[in-house]
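Spelled out from the first residue to the last, the chains are:
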Amino acid sequence: MTLILFGFTLFGEEIRKDSIIVSLITCSPGSEIYELCGHEAVRVRGILHGQPVDSIWNYGVFDFTEPNFIYRFVKGETDYRLAGYPFYWFLPEYQEAGRTVTEQDLNLSQTEASRFLNILREEAKPENCKYRYNYVKDNCATRIVWRLDSAVDSRIIYPDDVRYGTFREEMRAYHHNYPWYQFGIDLALGGGLDRPVRGRDEMFVPMEMMEKAGAAHFADGRPLVKESRVILEKRGEPVLPPTPWYMTPMAFGVAFLSLSLLACGWQLWKKKVLSVFYTIWFGICGIAGCVVFLLVFFSEHEATSPNLLLIWLNPLQLLMAVCVLGRKLRYGALALAWYNIIAVGSLLIVWPFQIQSASPAVFPMMGATVVLAIAYALVIMRKGKFNNEKNIINSAVRSCHNERGGSGSPRRGGAPKTRGGNCR
């Protein structure tokens, strides 16, 4: 009997030796652009092979110092890494920033927990740790969801309620205090962000993943999350305050449209072109257009194409910025002005009837582009008409002058000019 009890004791100690808990660690949004949707990681703690463990597994590791980081980010060639390290290294960054950190213990069996840990260890090896980052399809949160699916024995059922409807609307909800950042995203990323999504797709945002994980369950009836707790309380306001209305893209767009209308009125009144004004604006549009062109045709970001804003923001606008400066290039500028009148004007008309969404600020800016193009075309055509009329008058005067004989002598070897004619 004693031997049997001793055997049960050893068996119980073996179980305790391999007693690990896997939990989701969710960090609330921070002030940096790449922190606005929060962060997700996996914590593994307990006893493994008789040794205490407490590690964090982080899919959000990247290096700003890598060569050509910005260029590669724009092209969609950003590589992130999975790194595993002691948990006590993880918290100080978030504690200093005053961000909330929440832990959700997963309701996994020891077999499932060990399988999940083995997956993480394999992916953290130097030859496997890099992955091609995708903001909405393959990031620190979605990777964990996929790996968890591979580790468990029973299918995980997440709530399928849809809160935002599209990737863009979800991003806007988390970027609302950073309107210029969202404005840039709306320019750079096309209709791929506006396709309808499922509830599970919305889990690319860690805060949404935490909420849906808390309400999820296995097909066998077990809840996915066994226990949840806040391990780091929020301190202060980690996210920057809202941008004042007068500094938002919309305020800039309306102000610039108003200024453009005034400039157009002055040009039509004076029959002159404000060349520098055109060069600055169409130069800005052209530079932005080069970025959009690069994203549409050369980037690996799947959401950059198609992008209807390429009709407005494209490298042709740089030619417009140059052509308005030279008299010999005015007809090139006139052709580009007609392009903006027809193409960009049509884009404004058809925009409500297609799927792609854009920042409301682009519409007064596109409107300013169209009215400036109209004013330029009217001024140049009036000048051309005036010059044609002037040339006709000058030709008539010269003809009359020649018929009268003018102030010169008769042509050598020819008959002298006679007075008369119809000119008086």
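This text follows the structure it describes.
The rules behind these values
- Residues numbered from 1 in each chain as written.
- Predicted model: local features only at pLDDT ≥ 70, side-chain atom pairs only at ≥ 80, totals over all residues.
- Heavy atoms only, no water.
- Axes fitted to C-alpha atoms, helices over the stretch in contact; angles between N-to-C directions.
- Helix = DSSP H or I, 4+ residues; strand = E, 2+ residues; numbered from the N terminus.
- Parallel < 35°, antiparallel > 145°, perpendicular 65-115°, else oblique.
- Left-handed = near helix turned anticlockwise from the far one by under 90°.
- Contact = heavy atoms within 4.5 Å.
- Expected span 1.5 Å × (residues − 1).
- Buried < 20%, exposed > 50% of the residue type's maximum accessible area, 1.4 Å probe, protein only.
- Phe/Tyr/Trp six-rings, centres within 6.5 Å; stacked < 30°, edge-to-face > 60°.
- Lys NZ or Arg CZ within 6 Å of the ring centre and 35° of its normal.
- Pairing = 2+ DSSP bridges.

**Quick notes on the packing of helix H11 (residues 316-323) against helix H12 (residues 330-350)**
Pairs of packed helices are described in terms of their axes, by the angle between the two and the distance that separates them.
Okay, so step 1: Two numbers describe how H11 lies on H12: the axes approach to 8 Å, and their chain directions differ by 140°. For the element pair H11 / H12, the angle class is oblique. Helix-helix and strand crossings are classified by hand; for H11 and H12 the assignment is left-handed. Along its contact with H11, which presents Leu 316, Gln 317, Leu 319, Met 320 and Cys 323, the element H12 presents Arg 330, Gly 332, Ala 333, Leu 336, Ala 337 and Asn 340.

**Overview of helix H9 (residues 249-270)**
Okay, so step 1: The end-to-end C-alpha separation of H9 is 31 Å, in line with the 32 Å expected for 22 residues at 1.5 Å each.
Okay, so step 2: Regarding H9, the residues found buried are Pro 249, Ala 251, Gly 253, Phe 256, Ser 260, Ala 263, Cys 264 and Gln 267.
Okay, so step 3: Immediately beyond the C-terminal end of H9, within one or two residues, lies Lys 271, with a positive phi of roughly 55°.

**Overview of the packing of aromatic side chains**
Okay, so step 1: Inspection of the entire model under this criterion finds 20 aromatic pairs.
Okay, so step 2: Note on Tyr 80 and Tyr 133: the rings are 4.0 Å apart at their centroids and 10° apart in plane angle, and the pair reads as stacked. Residue Tyr 80 is located in strand E4 (residues 79-86), and its partner Tyr 133 is located in the loop between strand E6 (130-132) and helix H5 (142-151); the two are separated by 53 residues in the primary sequence.
Okay, so step 3: The exposure class of Tyr 80 is buried, given its relative accessible area of 9%.
Okay, so step 4: A network of ring pairs unites the aromatic residues Trp 180, Phe 183, Phe 252, Phe 256, Phe 277 and Trp 281 as a single cluster.
Okay, so step 5: One cation-aromatic arrangement involves Arg 43 over Phe 87; the distance from NZ or CZ to the ring centre is 3.8 Å.
Okay, so step 6: In this structure, Lys 270 is placed above the aromatic ring of Trp 269, and the distance from its NZ or CZ to the ring centre is 4.4 Å.

**So, the side chain of Thr 100**
Okay, so step 1: Residue placement: Thr 100 occurs in the loop between helix H3 (91-97) and strand E5 (101-106).
Okay, so step 2: Look at Thr 100 and you get buried, because its relative accessible area is 18%.

**Quick word on the environment of Gly 50**
Okay, so step 1: For Gly 50, the position within the fold is in the loop between strand E2 (39-48) and strand E3 (51-61).
Okay, so step 2: Separated by 31 residues in sequence, Gly 50 and Ser 19 place their C-alpha atoms 9.2 Å apart.

**A few points about the side chain of Gln 182**
Okay, so step 1: Considering the arrangement of structural elements, one finds Gln 182 in helix H7 (residues 179-188).
Okay, so step 2: Beyond its immediate stretch of four places on either side in the chain, Gln 182 contacts Arg 168, Met 171, Arg 172 and His 175.

**Here's the deal with the sheet that holds E5**
Hydrogen bonds between backbone atoms are what pair the strands of a sheet, whose relative direction is either parallel or antiparallel.
Okay, so step 1: With antiparallel pairing, 7 strands are arranged side by side in an open sheet as E6-E4-E3-E2-E1-E5-E9. Edge positions in the open sheet fall to E6 and strand E9 (225-232), since each of these has one partner strand only. For this sheet, the mean inter-axis angle between neighbouring strands, taken without regard to orientation, is 25°.
Okay, so step 2: Looking at chain direction, E2 and E3 are connected through 7 bridges and run antiparallel. Note on E3: the bridge partner recorded for Arg 43 is Ile 56.
Okay, so step 3: Contacts from helix H8 (residues 206-214) reach strand E1 (20-27), E2, E5 and E9, with the element oriented near 135° to E1.

**Focus on H5**
Okay, so step 1: Of all 10 residues in H5, 7 are buried, a share of seventy percent or more.
Okay, so step 2: Within H5 the residues assigned to the buried category are Thr 142, Arg 143, Ile 144, Val 145, Arg 147, Leu 148 and Ala 151.

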